[in-house]
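Residue strings, one per chain:
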Amino acid sequence: MLEINSDRKKQTTLSYKLYFALLFLIQSGFALANNSSEQHSVKGIDEYSVLKKNNATSLIEAAVESDAMVDHSEFDELKGPFEDGPAVTKACLGCHNKAGHAFMKNKHWTWKYTDPDTKQQLGKSVLINNFCTNARGNEGMCAQCHAGYNMTDSEYDFTKQENMDCLVCHESTGKYYKTPTTSGSAACTTMFADKDPINWSKSAQSVAMPARENCGSCHFFGGGGDNVKHGDLSSALIAPTKDVDVHMAVEGNDFSCTQCHVGEKHQWSGSRYQGVPVKDKHKSKPGMRNETASCASCHGAQPHPLSLVGLKLNDHTQKVACETCHIPEFAKGGVATKIDWDWRTAGKTRDGEGYKDSNYTQSNGEHRYTYKSIKGDFKYDENVKPVYLWSNGKSHYTTIDTKFDPTKPVIINSVEGTVAGEDSRITPFKRMHTIQPYDKGNNTLVYMHLWGDDSDSFWGNYDFGRAIEHGMKQFDIPYSGEFGFIDTYSYWPINHMVAPEEGALKCDSCHSKEGRLKGIKGVYMPGSGEYKWMDIIGLLAIFATLAGVIGHGLLRFFMNKRRKAHD
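All figures in this text were calculated on a predicted structure; none of them were measured in a lab.

Conventions used here
- Residues numbered from 1 in each chain as written.
- Predicted model: local features only at pLDDT ≥ 70, side-chain atom pairs only at ≥ 80, totals over all residues.
- Heavy atoms only, no water.
- Helix = DSSP H or I, 4+ residues; strand = E, 2+ residues; numbered from the N terminus.
- Buried < 20%, exposed > 50% of the residue type's maximum accessible area, 1.4 Å probe, protein only.
- Contact = heavy atoms within 4.5 Å.
- Areas by Shrake-Rupley, 256 points an atom, 1.4 Å probe, with all protein chains shown as cover.
- Polar contact = N/O pair within 3.5 Å; in protein donor to acceptor, adjacent residues only side chain to side chain.
- Salt bridge = Lys/Arg side-chain N within 4 Å of Asp/Glu carboxyl O.
- Phe/Tyr/Trp six-rings, centres within 6.5 Å; stacked < 30°, edge-to-face > 60°.
- Lys NZ or Arg CZ within 6 Å of the ring centre and 35° of its normal.
- pLDDT = per-residue confidence, 0-100.
- Lys, Arg positive; Asp, Glu negative; His and termini not counted.
- Pairing = 2+ DSSP bridges.
- Disulfide = S-S within 2.5 Å.
- Patch = residues over 30% accessible without salt bridge, like charges linked within 9 Å, V, L, I, M, F, W, Y side chains within 5 Å.
- Core = buried A, V, L, I, M, F, W, Y, C linked by side-chain atoms within 4.5 Å.

Enquirer: Looking at this structure, how should I read the overall build of the protein?
Expert: Looking only at helices and strands, one finds 16 helices and 19 strands in the protein. Of all 567 residues assigned to the protein, the portion counted as buried reaches 47%. Sequence separation of 24 or more characterises 70% of the internal contacts of the protein that already satisfy a separation of 6 or more. Of the accessible surface of the protein, which amounts to about 29200 Å², a share of 54% is contributed by carbon and sulfur atoms.

The structure is reproduced here in structure tokens:
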């Protein structure tokens, strides 16, 4: 891929054109043999230092080999009885007496993050999104995905270690769950009516290293259902096949989340705010620990075999993210993702009561809600082709005090990256579209009071005006008293659901007239037909180069023959 007006002028040389000629010949059937260089054996990224020490391939194996993994069911301290989660946590902290101090800095606990570059105050505790719009003021519901107990409102005491939830990450019976911490309206009270009571003693005795089910209990189901938000994180990853995710495949690498989301002292790497780096800035060798995992952390900066095709593909990594070719689709494995949400239609009733419609059946046979009185209309999709943007891994967020032009759609998180950026790559994203409320007088987004058993909660009265006024007043945010609806977009990086090698994009997926990267600015895409004169020049250069090579070879042949005749 050639950049226009970039420093990489070397890619306009004849050698670059020769690459394409050879690649064309290979694709036409003249395959070239790979060299016999031994390739890296990928084991994933370490989490604890004991992984390196024992050369283990998983956290469980490492813990067993180091005698760190014990049978917690044999501890009298964990046999209970326990009246609630905090009682279990107290027992855990009795032995793990430093874990609480470390976990107090974890984003899963604080719900806060300060961007080191922009200094923006981010985190679930303050941000607005285009799903349920805001957690602030709705902690009684949203705290189901807080790694603690008893968060009922924004005045939560983050210094109480006994309120940390050890089980949500370490429980292994599969019977543990979290419910809202406060009462909702009548429209929401039946949401968890079918759950069996938690057996706190069995849960406490089952603790183990985090499995995909633990991480997925929140990350797979955030936003109101399975795979609603991310698109590449769903229940299909609990026991995936290779075609769903080659890294997590049960019959393959069987990676846990912590293979890549490395951490020490309960500080886990990886964040939608921090972003996944497009390249390994720390120059770590494959398999070595990195602060935030990138593909290069395991596979290196030149991941393809040392063949002519491999060399050309390795050249692409300078401007194309690995995920672009290796995650051609997301929302795989039978679980759909939400792609569109219209809040304007919320509040409809039948016989005076709210209702739900399920008019979408995903490929695993399960039905998905397409309308809820408390939320409006939804659209879903599966096996989705990503949208592609220049990205360096960073985003800038629209916050509650961000003013915008209401005649244009609002970008919830604008992706940073340019064609000339050294760290920028063409990167795949899920694009989420929502029509949601905003303050027409101040041209800002709004906090809505959704959850609660009071008269102002939208999920009880279906009154946008009262819900918005309550949400803004609660946090002293200016509100004009007049609301409208506006189109918003958010962009979710696609990093999971990596296809096996044979499922990666082929050359003509991009190098064609209607290729995937059509519309990406700042690049010349051979084969797209967008710049025919450059294709012609390139072809002439190829033929001239081949003619020169052939002519030179013939000249050497006849010169050698003539010299032998004289000898």
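Enquirer: Explain the environment of E382 here, please?
Expert: Locating E382 in the fold gives a position in the loop between β11 (376–381) and β12 (387–391). As for E382 and G334, which are separated by 48 residues in sequence, their C-alpha atoms are 7.3 Å apart. With residues near it in sequence (within four places) discarded, E382 still touches F330, A331, G334, V335, A336, Y360, T361, Q362 and S363. Reaching out from E382, the side chain makes a polar contact with the side chain of S363 at a distance of 2.6 Å.

Enquirer: It is not clear to me how the pattern of salt bridges should be interpreted in this structure. Could you clarify?
Expert: Close approach of charged atoms allows side chains of opposite charge to pair. Tallying each qualifying case throughout the model produces 10 salt bridges. Residue R212 pairs with D254 through a salt bridge whose shortest N-O separation is 3.2 Å. Here D254 lies in the loop between α10 (212–219) and β4 (263–264) and R212 lies in helix α10, a separation of 42 residues in the sequence. Owing to a relative accessible area of 7%, R212 belongs among the buried residues under this scheme. Note on D254: relative accessible area 40%, which makes it partly exposed. Between R350 and D357 there is a salt bridge, with its nearest N and O atoms 3.4 Å apart.

Enquirer: Quick question: what am I supposed to make of the side chain of H72 here?
Expert: Summarising the element assignment, H72 is placed in the loop between α3 (59–65) and α4 (85–95). Excluding residues that lie within four positions of it along the chain, H72 makes contacts with L78, H96, A204, Q205 and V207.

Enquirer: What is the right way to look at the packing of aromatic side chains in this model?
Expert: Given two aromatic rings, their pairing is described by the distance between the two centres and the angle made by the two planes. Counted by the stated rule, this structure contains 22 aromatic pairs. Ring geometry for W109 against F158: centres 5.8 Å apart, planes inclined by 90 degrees, an arrangement best described as edge-to-face. Here F158 lies in the loop between α7 (139–142) and α8 (167–170) and W109 lies in helix α6 (residues 107–110), a separation of 49 residues in the sequence. By relative accessible area, which is 26% here, F158 ends up partly exposed. Centroid distance F464 to F485: 5.3 Å. Interplanar angle 85 degrees. Geometry classified as edge-to-face. Taken as a pair, F464 in helix α15 (residues 464–474) and F485 in strand β18 (residues 483–493) lie far apart in primary sequence, 21 residues in all. What makes F464 buried here is its relative accessible area of 8%. You can call F485 partly exposed: its relative accessible area is 29%. Looking at K338, its charged tip hangs above the ring of F378, at a distance of 3.4 Å from the centre.

Enquirer: How should the confidence of the model for the protein be read in this particular structure?
Expert: The predicted coordinates of low-pLDDT regions are not to be read in fine detail. For the protein, per-residue confidence averages 83 on the pLDDT scale, and residues scoring 70 or more make up 80% of the total. In this model residues 1–68 is a low-confidence stretch, pLDDT under 50, and it forms 130 contacts with partners more than four residues away in sequence or in other chains. Confidence drops under a pLDDT of 50 for residues 284–289, and excluding neighbours within four residues, the segment shows 24 contacts in the predicted structure.

Enquirer: What is the right way to read the side chain of D340 from this model?
Expert: Residue placement: D340 occurs in strand β6 (residues 337–342). Although D340 is buried, it makes no salt bridge; K379 carries the closest opposite charge, 5.1 Å away. One polar contact links D340 to H433, side chain to side chain, over a distance of 2.6 Å. Aside from chain neighbours lying at most four places away, what touches D340 is D377, F378, K379, M432 and H433.

Enquirer: What is the right way to look at the pairing of β6 in this model?
Expert: Each regular strand carries side chains that alternate between the two faces of the sheet. Within β6, 5 of the 6 residues are buried, which leaves it mostly tucked inside the rest of the structure. Bridge count for β6 against β11 is 5 bridges, and the pairing is antiparallel. By the bridge assignment for β11, K338 is matched with Y380. Bridge count for β6 against strand β16 (residues 425–439) is 3 bridges, and the pairing is parallel. Residue pairing across strands places D342 opposite I435, the latter belonging to β16.

Enquirer: Just to check I follow, could you spell out the state of the cysteines for this structure?
Expert: The bond known as a disulfide is covalent and runs between the sulfur atoms of two cysteines. What the rule picks out here adds up to 0 disulfides. Left unpaired, C325 is separated from the closest cysteine sulfur, that of C510, by 5.9 Å. The class for C325 is partly exposed, based on a relative accessible area of 27%.

Enquirer: How should I be thinking about a nonpolar patch on the surface in this particular structure?
Expert: On the surface, a nonpolar cluster with roughly 430 Å² of combined accessible area is contributed by I550, L554, F557 and F558. Position of F557 among the secondary structure elements: in helix α16 (residues 532–566). Classification of F557 by relative accessible area gives partly exposed; the value is 49%.

Enquirer: Just to check I follow, could you spell out the nonpolar core for this structure?
Expert: The tendency in soluble globular proteins is for nonpolar side chains to be buried side by side. Membership of the largest hydrophobic core comes to 36 residues, with the highest contact counts inside it found for W343, L445, F458 and W459. Looking at this core, the elements with two or more residues in it are β11, β16, α14 (458–461), α15 and β18. Looking at which element gives the most residues to this core, the answer is α15, with 4 residues. Listed in part, the 24 residues of the second largest apolar core include L78, A91, F103 and A143.

Enquirer: What is the right way to look at the environment of V168 in this model?
Expert: Note that V168 resides in helix α8. Each C-alpha atom, one on V168 and one on P210, is 8.9 Å from the other, the two residues being 42 residues apart in sequence. If near-sequence neighbours (up to four positions away) are discounted, V168 is found in contact with A147, Y176, K178, N214 and S217.

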